[in-house]
Structure formats: structure tokens, C-alpha cells
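What follows is each chain in one-letter form.
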Amino acid sequence: MRSVRMAPEVPREELLLPGHAACAGCAASLALRLTLKALGRRTIMVVPACCTSIIQGPFPRTAVAVPLMNIMFEAAAACASGIAAGLEVKGLKDITVLAWAGDGGTYDIGIQALSGAAERGDNILYICYNNEAYMNTGIQRSGATPYGARTTTTPILGKREHKKNMPMIMAAHGIPYVATATPAYPHDLMRKVRKALEFRGTKYIEVLCPCPPGWRFPSEKTMEIGRLAVKTCTFPLWECYWEGGRRVFRLTGPSKLIAEVPELKLPIEPYLALQGRFAGMTEEDIRALQEWVDASWRALVEMARGFDGG
């Protein structure tokens, strides 16, 4: 009999409430909605300066139905570590401390506090919702902005550097769980959030969140662009964790299927064409970005095969 793979349960309770201040088509708000459904009410959020500090709503109201602390741009991981330590002293072991930060507060301004928390093994879940620029402050380039993308600080030629590989930087810390996800594949995202809770220590999940105003596409295209990011291997889905004393690295979702059937991998042109931020890229630029994506993807596939013993 053929086995049926069941999707993870999606609770009906909403912990990101209606009336929040996100833009139309905001993938970050959808990612937060799914994350809170996966975590439940026993969650404390830490939010640095980022889009979510606006999305949550202005004082004295809030659209987030769990305790939330706003903190300085660079201090999300440090604040989360302090809360986790306090809960430990009080013997409260069933509360998840969630640091929820954008790519600017993770890749650049907040990397020192995050690296310190990871080195200490502080018991927090850190999620970077990555919209690939400083969207809340005017669409400036960040360490997560891809090559060729036009921002308000790279307006003419686009960014000339490739983005950091922050998930691999975190994996290099040897922390118990690292994963990538996107709300375009919601069940994969929720499963990884729940799996992170199985581990004690610092956990890191990077969630790609297409941004309509920052990436310059119609708001109804958010999920399509998120899926194309995965299908072109611009943003592969994977997870890395410790199991039985050994390191496990595995591709997930469509990325796993593309590794098995390489012909399913799409070229990056359809992905770029839907986004105004890539308008004006030369053929040479597109070729350079494609070569970088292909090389990064090959390295991931080889890593997955190596961990499988293949």
C-alpha cells in the first residue's frame, strides 16, 4: 500500500491578529503568522528595529497575541538570551524565546550578538525573516541583498557583491539546528519551526520573505516569486541538525526533488523578470548571477550526498 505523507497540523487559533500594519502581499507577516501557529501561546518574542516593529501595531495596541519586547537594532539575540536565562532560573522550561529579526538586524548590525548566543549555546530560537534589504528604513542594501539588485543605496548598477551565506555561517557555529524556509511552502516552514523545538540550545531558521515594494512586484505575486526562488535554486530549502551524535544535512521540499531530478531546476531569468529591482541587469550580470547560483547549488548537493554517504 502506498504511504500517504500527511501535512503538519495547522492550528485554527490566530496569534497574529487582523488589523496589523503590514503592506499588501507581505511575506514577513505570513511567515510570522505561520511561525506563531507552530509555536503556540507559550512564546515570548523579541523584535529589534525592523518591519515587524511596525507590523505589530502602534502603542497602546498590538496585533501580536503573545508577549513581545522591542529592542535595539543590534540586540535581538542578546535580549533573547537574557530572557531565556531568566526563565531557566525560574524553572519555566516550556516557554519558547523567539528572536524575530530582519536581515539587516541579522546579517549586519546584529551578527555579533547572534554569534555570541550561538557560541554560548543559549536556549533561543532565532528566526531571520529575510527580505534582502533594509526595507523598513527605505530599501537600502544589506549583506543579504543579491548581486544585481537595485536599492536606494545601489540605484544605478545594482549591488556588485554577492550576498552572505548566513545559514551556513550559523551552521559553522555547530549549533543544534539550522534550516531555511519560505512561506511559499508553508508546511515545510511549520515543520521546521516545530522540529527546532526538539533541540536545546541556539536554533536558527532563515525564512525568505519576498517584499512587494522593495522587490518591485505586484502584491499578488508574492507566493509565485517565493516558489521560483526555490525552483531556480536561488534559495534552496535544507536543514542541518545533530542526531545520535552525528551531523545530519538534508535538502527538503522541491530542493530535494531537484537534486534527484536535475532537469527540474529552472534558470533564474523567470525569477528575475518578475522583479523590478533586477531591471536593467546586463546579460553579463545575469550570467554572473546564474554561475554563482549554480556553483552554490552544486556545493549544497555535494554536501547532502556526502552526509548521506553517497
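Criteria and thresholds
Residues numbered from 1 in each chain as written. Predicted model: local features only at pLDDT ≥ 70, side-chain atom pairs only at ≥ 80, totals over all residues. Heavy atoms only, no water. Helix = DSSP H or I, 4+ residues; strand = E, 2+ residues; numbered from the N terminus. Rg over C-alpha atoms; globule rule 2.2 N^0.38 Å. Buried < 20%, exposed > 50% of the residue type's maximum accessible area, 1.4 Å probe, protein only. Areas by Shrake-Rupley, 256 points an atom, 1.4 Å probe, with all protein chains shown as cover. Lys, Arg positive; Asp, Glu negative; His and termini not counted. Charge placed at Lys NZ, Arg CZ, Asp CG, Glu CD. Pairing = 2+ DSSP bridges. Axes fitted to C-alpha atoms, helices over the stretch in contact; angles between N-to-C directions. Contact = heavy atoms within 4.5 Å. Core = buried A, V, L, I, M, F, W, Y, C linked by side-chain atoms within 4.5 Å. Salt bridge = Lys/Arg side-chain N within 4 Å of Asp/Glu carboxyl O. Polar contact = N/O pair within 3.5 Å; in protein donor to acceptor, adjacent residues only side chain to side chain.

Colleague: Quick question: what am I supposed to make of the overall build of the chain here?
Modeller: Helices and strands together make up the secondary structure of the chain, namely 12 helices and 8 strands. A compact globule built from 310 residues would reach a C-alpha radius of gyration of about 19 Å, and the chain, at 19 Å, matches this within 12%. By its C-alpha atoms, the chain is 60 × 50 × 40 Å across when sized along the principal axes. Counting every position in the chain, which comprises 310 residues, the buried fraction comes to 53%. Accessible surface for the chain amounts to roughly 14,000 Å². Of this, 58% is attributable to carbon and sulfur atoms. Each charge class in the chain was averaged separately, 36 positive and 29 negative side chains, and the resulting centres sit 5 Å apart.

Colleague: I tried to follow the sheet that holds strand β8 (residues 246–251) on my own but got confused; where do I start?
Modeller: One key point about sheets: their strands pair by backbone hydrogen bonds, in either a parallel or an antiparallel sense. Pairing is mixed across the open sheet formed by 8 strands, whose spatial order is β2-β1-β3-β4-β6-β5-β7-β8. Edge positions in the sheet fall to β2 (68–70) and β8, since each of these pairs with one other strand and no more. Averaged over all pairs of adjacent strands, the angle between strand axes in this sheet comes to 20°, irrespective of strand direction. In terms of strand pairing, strand β5 (residues 177–181) meets strand β6 (residues 203–208) through 5 bridges, oriented parallel. Considered in β6, the bridge of A179 is made with I205. Along the sheet, helix α7 (residues 186–196) makes contact with β4 (125–130), β5, β6, β7 (238–243) and β8, crossing β5 at roughly 165°.

Colleague: I'm lost on the pairing of β7 in this one. Help?
Modeller: One face of the sheet, then the other: side chains in a regular strand alternate in exactly this way. In the sheet, β5 pairs with β7 via 3 bridges, with the strands oriented antiparallel. The residue bridging A179 from the neighbouring strand is E239, located in β7. Here β7 pairs with β8 via 6 bridges, running antiparallel. Directly across from E243, in β8, lies its bridge partner R246. The turn linking β7 back onto β8 is made up of 2 residues, and G244 within it adopts a positive phi angle of 60°.

Colleague: Could you clarify how one ought to interpret the environment of L197 in this entry?
Modeller: Its place among the elements puts L197 in the loop between α7 and β6. Looking at L197, the relative accessible area reads 37%, which means it is partly exposed. Note: C-alpha distance between L197 and Q275 (78 residues apart in sequence) is 35 Å. Contact partners of L197, with chain neighbours within four places excluded, come to L39 and T96.

Colleague: It is not clear to me how the nonpolar core should be interpreted in this structure. Could you clarify?
Modeller: One broad rule of soluble globular proteins: the nonpolar side chains tend to lie buried together. Core analysis: the largest hydrophobic core is formed by 101 residues, its most contacted members being M45, W100, Y126, Y204 and I205. When residues of this core are assigned to their parent elements, the largest contribution, 8 residues, is made by helix α1 (residues 27–39). Discounting chain neighbours no more than four positions away, the residues touching I205 are L125, Y126, I127, C128, Y177, A179, A181, K192, V193 and A196.

Colleague: Looking at this structure, how should I read the pattern of salt bridges?
Modeller: For side chains bearing opposite charge, pairing can occur when the charged atoms are close. Per the counting criterion, the structure on display carries 20 salt bridges. Residue R42 is joined to D94 by a salt bridge in which the shortest nitrogen-to-oxygen separation is 2.9 Å. Of this pair, R42 sits in the loop between α1 and β1 (43–47) while D94 sits in the loop between α3 (76–89) and β3 (96–102), placing them 52 residues apart in sequence. Using a relative accessible area of 43% as the deciding quantity, one classes R42 as partly exposed. In this structure, K163 engages E132 in a salt bridge whose closest nitrogen and oxygen atoms are separated by 3.3 Å.

Colleague: Hey, could you run me through the side chain of R247 in this one?
Modeller: With respect to the helices and strands, the residue R247 is situated in strand β8. Here R247 is buried and forms no salt bridge, its nearest opposite-charge partner E239 lying at an N-O distance of 11 Å. From its side chain, R247 meets the backbone oxygen of A171 in a polar contact 3.3 Å long.

Colleague: I keep staring at helix α5 (residues 111–120) and nothing clicks. Help me out?
Modeller: Quick reminder: α-helices carry 3.6 residues per turn. Residues three or four places apart thus point the same way. Within the sequence span of α5, burial applies to A113, L114, G116, A117 and A118. G121, located one to two residues past α5, shows a positive phi value of around 75°.

Colleague: Explain unusual backbone geometry here, please?
Modeller: Leaving glycine aside, a negative phi is the common case for residues, and trans is the common case for peptide bonds. Each neighbour pair has its own omega, and for F59 with P60 the value is 10°, a cis peptide bond. The phi dihedral of I139 is positive, around 65°, even though this residue is not glycine. For I139, the position within the fold is in the loop between β4 and α6 (166–171). Residue I139 is classed as partly exposed on the basis of its relative accessible area, which comes to 23%. If you check the backbone angles, C233 has positive phi at about 65° while not being a glycine. On the accessibility criterion, C233 (3% relative accessible area) is buried.

These figures come from the coordinates and say nothing about function on their own.
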